[in-house]
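# Topology and contacts: notes
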Amino acid sequence: MRVQRRHIIYIQGYDPRGLAQYYRMFRTELRKFARLYGLSATTSRPQAAESGEMASWTIETKAADWQTRTDYDFLRFEDFIQRDLAQPIWRTVFQAVWIYWRLIFRGTAFRFFAANWRFATFITYPHLLLLAEAICIAAIAFAVETGLDALGVPDPFSIAAAAAFFVALLGTVLKYTEKRTYLLYLLSDTIWTWEFSHRQRPEWDERIDRFAQHLVKVAGASTADEIVLVGHSSGSFLGVEILARALRLDPALGRRGPRVVLLTIGGNFPIVGFHAASRDFRDHLRQLAVEPSIDWIDCQARKDVMNFFQFDPLAAHGIDVGAERRNPTIVPVRFREIILPEHYKSFRWQFFRVHFQFVMANEVPHAYDFFMIVCGPVPLAERMAVPQAALTVATGDVTAREWAWKQLENARSDPKDVGELGAMEPGARRRG
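A brief structural summary. (Residues numbered from 1 in each chain as written. Predicted model: local features only at pLDDT ≥ 70, side-chain atom pairs only at ≥ 80, totals over all residues. Heavy atoms only, no water.)

Let's shift gears to the overall build of the protein. In terms of helices and strands, the protein carries 19 helices and nine strands. Taken against the 2.2 N^0.38 rule, which gives 22 Å for 432 residues, the C-alpha radius of gyration of the protein at 24 Å falls within 12% of a compact globule. For the protein, the spread of C-alpha atoms along the three principal axes comes to 90 × 45 × 45 Å. Expressed as a percentage of the 432 residues in the protein, the buried residues total 54%. Pairs at least 24 residues apart make up 74% of the contacts formed inside the protein by residues separated by at least 6 positions. Surface exposure of the protein reaches about 19300 Å², of which carbon and sulfur atoms provide 57%. Taking the average place of the 52 positive charges on the side chains of the protein and the average place of its 47 negative ones, the gap between the two points comes to 3 Å. (Helix = DSSP H or I, 4+ residues; strand = E, 2+ residues; numbered from the N terminus. Rg over C-alpha atoms; globule rule 2.2 N^0.38 Å. Buried < 20%, exposed > 50% of the residue type's maximum accessible area, 1.4 Å probe, protein only. Contact = heavy atoms within 4.5 Å. Areas by Shrake-Rupley, 256 points an atom, 1.4 Å probe, with all protein chains shown as cover. Lys, Arg positive; Asp, Glu negative; His and termini not counted. Charge placed at Lys NZ, Arg CZ, Asp CG, Glu CD.)

If you want it as structure tokens, here you go:
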């Protein structure tokens, strides 16, 4: 049951930075991971597919008594995202504001607050900031209009000039403060999730279908011990979509060949699933909940305002499959336990930095370690089922490691039934 070869398929979330910056971060964090555990880890250069929709590289990891090879596929969407962000500012603002008001009138925004007030506040932030900026600039525009009136400019011309001034100044402020506020990016994200939920982005659906075909192809040809489909942030619901569509193409996907595991980290399923129009997505959640050949692990962190913490992706969507339920296994992650205190304090209020800690290297050995999930010898399902044993494999002496492997082997030979999985989740939440 020791993994010697693994295939990771990583799904890009709504992040315009794309392959080059992600790979640089991955390579840097891989080096930190190797130093932390005292092992060797090297990675090849990324090779882009002919279509440009995917890039791949390999990682070779060697420790004293184990070694692994990981094939890593990076599924790309940055071309779509960069095109969204290139839209005229006025179009982004008006479209996002109109969508947000529809979220309020339809009650969806209140469901966000009920599910996780931190996330709901975070997605409301750009609208509040936009309102504050608009009020301030409107006051300046009013002063301009008053001054023109005092100079004897006719009302139609003074009002038109003040309106033009308001639009120009607001656009300028939004453009040149974007690197500090991320306001336009977050508004574009709101537009995209709305349109995706309402099946108004066919180009995304077409690419997701091709990625589902890729997963089926990998599962049919790979010699890996396990295939892990990783969805971070918005990649969480994209991962659900890809896996569900792959199962539609090949219902026996996880029943032969490598084990197939879906790992969702920092997920935000409700921004798609809470829309009434997202019936297909909720059906996919229901399908994965009862699929016996697939393991689904969902990692959540309280400190990350961009994910839903203490959130059951099934119950919150009104899905009840009773005793048939076997997924997901919900695992809390405490960033305070994996980062040195002085560094944790320095970025704990940097929301995007915190959000990306899910896919960055630990500074303290811990059962949750993204790079151990990618490069380590312990299968993912067993790592989450017996976390202390998985940590001991990485940090213990020879005797302790032997004990840990026995614990992990017992976890695999005695798979949990649905009742045991359900009983495990509240305890996991208490650990968080």
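Now that the structure has been shown, the text picks up again.
As for its position among the elements, Glu203 is in helix 9 (residues 202-221). A sequence separation of 123 residues divides Glu203 from Phe80, and the C-alpha atoms of the two residues are 8.5 Å apart. Not counting chain neighbours up to four residues away, the residues in contact with Glu203 comprise Phe80 and Arg83. Here Arg201 takes part through its side chain, which lies 2.9 Å from a polar atom of the side chain of Glu203. (Polar contact = N/O pair within 3.5 Å; in protein donor to acceptor, adjacent residues only side chain to side chain.)

A separate point is the pattern of salt bridges. Enumeration over the complete set of coordinates arrives at 28 salt bridges. Where Asp79 meets Arg207, a salt bridge forms, and the shortest distance between an N and an O atom there is 2.8 Å. Taken together, the positions of Asp79 in helix 2 (residues 78-85) and Arg207 in helix 9 put the pair 128 residues apart, joining distant regions of the chain. Bridged by salt links that share partners, the residues Arg199, Asp205, Asp209, Glu241, Arg245 and Arg248 form one connected network. (Salt bridge = Lys/Arg side-chain N within 4 Å of Asp/Glu carboxyl O.)

As for its position among the elements, Arg383 is in helix 16 (residues 380-385). One buried charged side chain, Arg383, makes no salt bridge at all; its nearest oppositely charged neighbour is Asp369, positioned 6.9 Å away. Among the polar contacts listed, one links the side chain of Arg383 to the backbone oxygen of Ala367, at a separation of 3.2 Å. Filtering out sequence-adjacent residues up to four positions away, Arg383 remains in contact with Ala367, Met372, Ile373, Val378 and Ala390.

A few words on the environment of Val321. Locating Val321 in the fold gives a position in the loop between strand 8 (294-300) and strand 9 (329-332). Note on Val321: relative accessible area 15%, which makes it buried. A sequence separation of 280 residues divides Val321 from Ala41, and the C-alpha atoms of the two residues are 42 Å apart. Leaving out residues up to four positions away in the same chain, Val321 has contacts with Arg286, Ala289 and Val290.

Most often, soluble globular proteins have nonpolar side chains that are buried together. Membership of the largest hydrophobic core comes to 68 residues, with the highest contact counts inside it found for Phe77, Trp204, Leu215, Phe237, Leu238, Ile242 and Leu243. Among the elements that make up this core, the one with the highest residue count is helix 8 (residues 183-197) (nine residues). By size, the runner-up hydrophobic cluster in this structure holds 49 residues, among which are Val228, Ile297, Val359 and Tyr368. (Core = buried A, V, L, I, M, F, W, Y, C linked by side-chain atoms within 4.5 Å.)

Among the seven residues of strand 8, seven are classified as buried, and the element is accordingly described as predominantly covered. Burial of the side chains of strand 8 extends over both faces: Ile294, Trp296, Asp298 and Gln300 are buried on one face and Asp295, Ile297 and Cys299 on the other. Here strand 7 (residues 259-265) runs beside strand 8; their pairing, made up of six bridges, is parallel. By the bridge assignment, Thr264 is partnered in strand 8 with Asp298. (Pairing = 2+ DSSP bridges.)

As for its placement among the helices and strands, Ser197 is situated in helix 8. Look at Ser197 and you get buried, because its relative accessible area is 2%. Those residues in contact with Ser197 that lie beyond four places of it in its chain are Ile271, Val272, His275, Ala277 and Ser278.

This next bit is on the packing of aromatic side chains. By convention here, two paired aromatic rings are described through the distance between centres and the angle between planes. Within the structure shown, the criterion is met by 37 aromatic pairs. The ring centre of Phe347 lies 4.0 Å from the NZ or CZ of Arg353, which sits over that ring. (Phe/Tyr/Trp six-rings, centres within 6.5 Å; stacked < 30°, edge-to-face > 60°. Lys NZ or Arg CZ within 6 Å of the ring centre and 35° of its normal.)

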